[in-house]
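# Reading the structure
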Amino acid sequence: MIPAEFEYHAPKSLNEALALLGQHGDDAKLLAGGHSLIPALKLRLSSFSHLIDIGRIGDLAYIKEDKGALAIGARATHFEVESSALLQQKSPLLAECAAHIGDVQVRNRGTLGGSLAHADPAADYPAAILALEAEIQTVSASGKRTIKAEDFFVDLLTTALQPGEILTEVRIAPLAAKTGGAYLKVAQPASGFAVVGVAAVVTLDAAGKCTKVRVGITGAAAKAWRAHGTEAVLSGKTPDDNTLAQAAAKATDGIETAGDIFASADYRAHLARVYAKRALAKAVERARKV
Ligand SMILES: Cc1cc2nc3c(=O)[nH]c(=O)nc-3n(C[C@H](O)[C@H](O)[C@H](O)COP(=O)(O)OP(=O)(O)OC[C@H]3O[C@@H](n4cnc5c(N)ncnc54)[C@H](O)[C@@H]3O)c2cc1C
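In this report, the structure presented in the accompanying data block is examined. (Residues numbered from 1 in each chain as written. Predicted model: local features only at pLDDT ≥ 70, side-chain atom pairs only at ≥ 80, totals over all residues. Heavy atoms only, no water.)

### Quick look at the pairing of strand 2 (residues 28–31)
Condition: The pairing criterion for strands is at least two bridges between them, as found by DSSP. Strands are runs of DSSP state E lasting at least two residues, helices are runs of H or I lasting at least four, and both sets are numbered from the N terminus onward. Look down the strands so they point away from you; if the path from the first strand over the helix to the second goes clockwise, the crossover is right-handed.
Here strand 2 pairs with strand 3 (residues 50–53) via four bridges, running parallel. Residue pairing in the sheet places Leu30 in a bridge with Ile52 of strand 3. Traced from strand 2 through helix 2 (residues 37–42) to strand 3, the parallel crossover comes out right-handed.

Structure representation (structure tokens):
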């Protein structure tokens, strides 16, 4: 399929990109890795008169330490996230999650910012971004903004980003002492997208009790969510098998799971609970080793 005709812009700076967004308004769309937008254009699910390619804006492609946080530019590709020595050392969960995305071609082109802005309900990153309590930074003509991960995913393919706003950076804290993380997923075999994906982060105290638990789940509903019920059950408890099972049973509390041709809503809910327990068990195992 061939997309509808559009004018291609390749700004070299954020200011130039913002000016183009201001100039063309609703007729314009940002283009990053193109691995969600281009298929949508080719299938004529959407069409825009102006594509603003942010792929040449050098200062959006980095992974670095900044003021005690780990800062990842929106243009960092999934492969760069997956293979970052800094992330592997200081917060391996995000790198582990990136390694689950699609295949090597998708990971070489797709970007962290593009994936988050697209907010596909079956995308992998949202689970990890929620479990890591990431902060998402944006810029627009009216200035800069920081959005908490939990406020970012609003609905199916809908985020808190406003028209004219560019996602610039994702910030996460390095994992604290005695903290382990894990991302586990049931992948749709053709695309690799998550039928269900669960990210868990667990911090233990000296006695082995959970002092902090964060669980993000993707793939099973219109948008990814934090499993607060699961987190609450484990908080202050020793994460033995029984307690993990009780906690995981709450993974879909308050969530309307969704079905499609790959898996029914009930099956996805079941998988979310099963994988919540497995991801938590793995995170606990890792927390005990550090
Ligand atoms: C075959 C295939 C398999 C895939 N498998 C998986 C998978 O297993 N797991 C998974 O999570 N994903 C998967 N994906 C999706 C992939 O991860 C995409 O790369 C990602 O969803 C979009 O990132 P992108 O950089 O390509 O963005 P684009 O396609 O360029 O853009 C996507 C959307 O985000 C907007 N956007 C892009 N950058 C910004 C920004 N900085 N600020 C504001 N808006 C922005 C665009 O305007 C557009 O609306 C797959 C894709 C394909 C084609």
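Back to the text.
### A short note on helix 1 (residues 14–24)
The cut-off we apply is this: Buried, partly exposed and exposed residues are distinguished by accessible area as a fraction of the type maximum, computed with a 1.4 Å probe on protein chains only: under 20%, between the cut-offs, and over 50%, respectively. This arc is built from the directions going out from the helix axis to the C-beta atoms. Only heavy atoms enter the contact rule, under which two residues are in contact if any of them lie within 4.5 Å.
Of the positions making up helix 1, those classed as buried are Leu14, Ala17, Leu18, Leu20, Leu21 and His24. On an axial view of helix 1, the arc spanned by its buried residues comes to 160°, and they lie on one face. Those residues of helix 1 that are exposed and aimed more than 90 degrees away from the buried face are Asn15, Gly22 and Gln23. Residues of helix 1 that are buried sit in contact with strand 1 (7–9), strand 2, strand 3, strand 6 (135–140) and strand 10 (166–172). Gly25 occupies a position one or two residues after helix 1 and carries a positive phi of about 50°.

### Describing the site of the ligand
Note the following rule: Near, as used in this document, describes a residue that has one of its heavy atoms within 4 Å of the molecule or strand being considered. Polar contacts, as counted here, are pairs of nitrogen or oxygen atoms within 3.5 Å of one another; within protein the pair requires one atom able to donate a hydrogen and one able to accept it, and residues that are adjacent in sequence qualify only if both atoms are side-chain atoms. Computed with a 1.4 Å probe, the accessible areas rest on the Shrake-Rupley method; for each residue, only the protein chains presented here act as cover. Following the grouping adopted for this structure description, the nonpolar residues are Ala, Val, Leu, Ile, Met, Phe, Trp, Tyr, Cys and Pro, the charged ones are Asp, Glu, Lys and Arg, and the polar ones are all others, Gly among them.
The ligand sits among 31 residues. The nearest are Leu30, Gly34, Leu37, Thr111 and Asp124. In the environment of the ligand, an oxygen atom lies 2.8 Å from a nitrogen or oxygen atom belonging to the backbone of Gly102. Measuring from an oxygen atom of the ligand, one finds a backbone N or O atom of Ser115 at 3.3 Å. For the ligand, the accessible surface in isolation is 980 Å², of which the surrounding protein chains cover 90%. Broken down by secondary-structure element, the contributors of at least two residues to the shell around the ligand are strand 2, helix 7 (112–118) and strand 10. Of all the elements, helix 7 adds the most residues to the shell around the ligand, at four residues. Of the residues assigned to the shell around the ligand, the class counts are 14 nonpolar, 13 polar and four charged.

### A short note on the nonpolar core
The test is simple: Definition of nonpolar core: a set of buried residues of the types Ala, Val, Leu, Ile, Met, Phe, Trp, Tyr and Cys, connected through side-chain atoms within 4.5 Å.
Ranked by size, the top nonpolar core spans 39 residues in total, and within it Leu94, Leu116, Tyr125 and Ile129 carry the most contacts. Residue assignment for this core shows that the elements contributing at least two residues are strand 5 (69–73), helix 4 (85–90), helix 5 (92–98), helix 7, helix 8 (125–131), helix 9 (149–152), strand 10 and strand 12 (194–204). With six residues, helix 8 is the largest single contributor of residues to this core. For Tyr125, the residues in contact, after removing those within four places along its chain, are His78, Val81, Leu94, Cys97, Ala98, Ile101, Leu112, Ser115 and Leu116.

### A word on the pattern of salt bridges
Cut-off, in case you're wondering: The term salt bridge refers to a side-chain nitrogen of Lys or Arg lying within 4 Å of a carboxyl oxygen of Asp or Glu.
Inspection of every chain in the model, using the stated rule, returns 16 salt bridges. With its nearest N and O atoms 3.0 Å apart, the salt bridge here joins Lys185 to Asp124. Within this pair, whereas Lys185 is found in strand 11 (residues 179–187), its partner Asp124 is found in the loop between helix 7 and helix 8, the two being separated by 61 residues in sequence. Judged by its relative accessible area of 4%, Asp124 is buried. The salt bridge involving Arg145 is made with Glu165; its shortest N-O contact spans 2.6 Å. Of this pair, Arg145 sits in strand 7 (residues 143–148) while Glu165 sits in the loop between strand 9 (158–159) and strand 10, placing them 20 residues apart in sequence.

### Structural notes on the sheet that holds strand 3
Strand pairing in a sheet is mediated by backbone hydrogen bonds. Such pairs are either parallel or antiparallel. Rules: To get an axis, a line is fitted to the C-alpha atoms, and for a helix only the part in contact is used. The angle between two axes follows their N-to-C directions and goes from 0 to 180 degrees.
The sheet built from three strands is open, its strands ordered 1-3-2 with parallel pairing. Sheet topology places strand 1 and strand 2 at the edges, where each strand pairs with a single neighbour. Between one strand and the next, the sheet's axes are offset by a mean angle of 25°, whatever the strand orientation. Pairing of strand 1 with strand 3, which is carried by three bridges, proceeds in the parallel orientation. For His9, the partnering residue across the bridge sits in strand 3 and is Ile52. Each of strand 1, strand 2 and strand 3 touches helix 1; the most contacted strand, strand 3, lies at about 170° to it.

### Notes on a nonpolar patch on the surface
Here is the rule we go by: To count toward a patch, a residue needs a relative accessible area over 30% and no salt bridge; like charges are then connected within 9 Å, while nonpolar side chains (Val, Leu, Ile, Met, Phe, Trp, Tyr) are connected within 5 Å.
Side chains of Met1, Leu43 and Leu45 sit close together on the surface and give an oily, nonpolar patch of about 390 Å² of accessible area. Among the structural elements, Met1 can be located in the segment before strand 1. On the accessibility criterion, Met1 (65% relative accessible area) is exposed.

### Concerning the packing of aromatic side chains
The relation between two aromatic rings is expressed through the spacing of the ring centres and the mutual angle of the planes. As a reminder of what qualifies: Ring pairs are drawn from Phe, Tyr and Trp, using the six-membered ring of Trp, whenever the two centres fall within 6.5 Å, and their geometry is named by plane angle: stacked under 30 degrees, edge-to-face over 60, tilted for the rest. We call a charge positioned above a ring when the Lys NZ or Arg CZ atom is no farther than 6 Å from the ring centre and deviates by at most 35 degrees from the ring normal.
Going through the model one piece at a time under the given rule, you end up with one aromatic pair. Between the aromatic rings of Phe152 and Phe153, the centroid separation amounts to 5.2 Å while the plane-to-plane angle is 90°, which identifies the pairing as edge-to-face. Summarising the burial analysis for this pair, Phe152 and Phe153 share the class buried. Across from the ring centre of Tyr275, 4.9 Å away, lies the NZ or CZ of Arg278, which sits over that ring.

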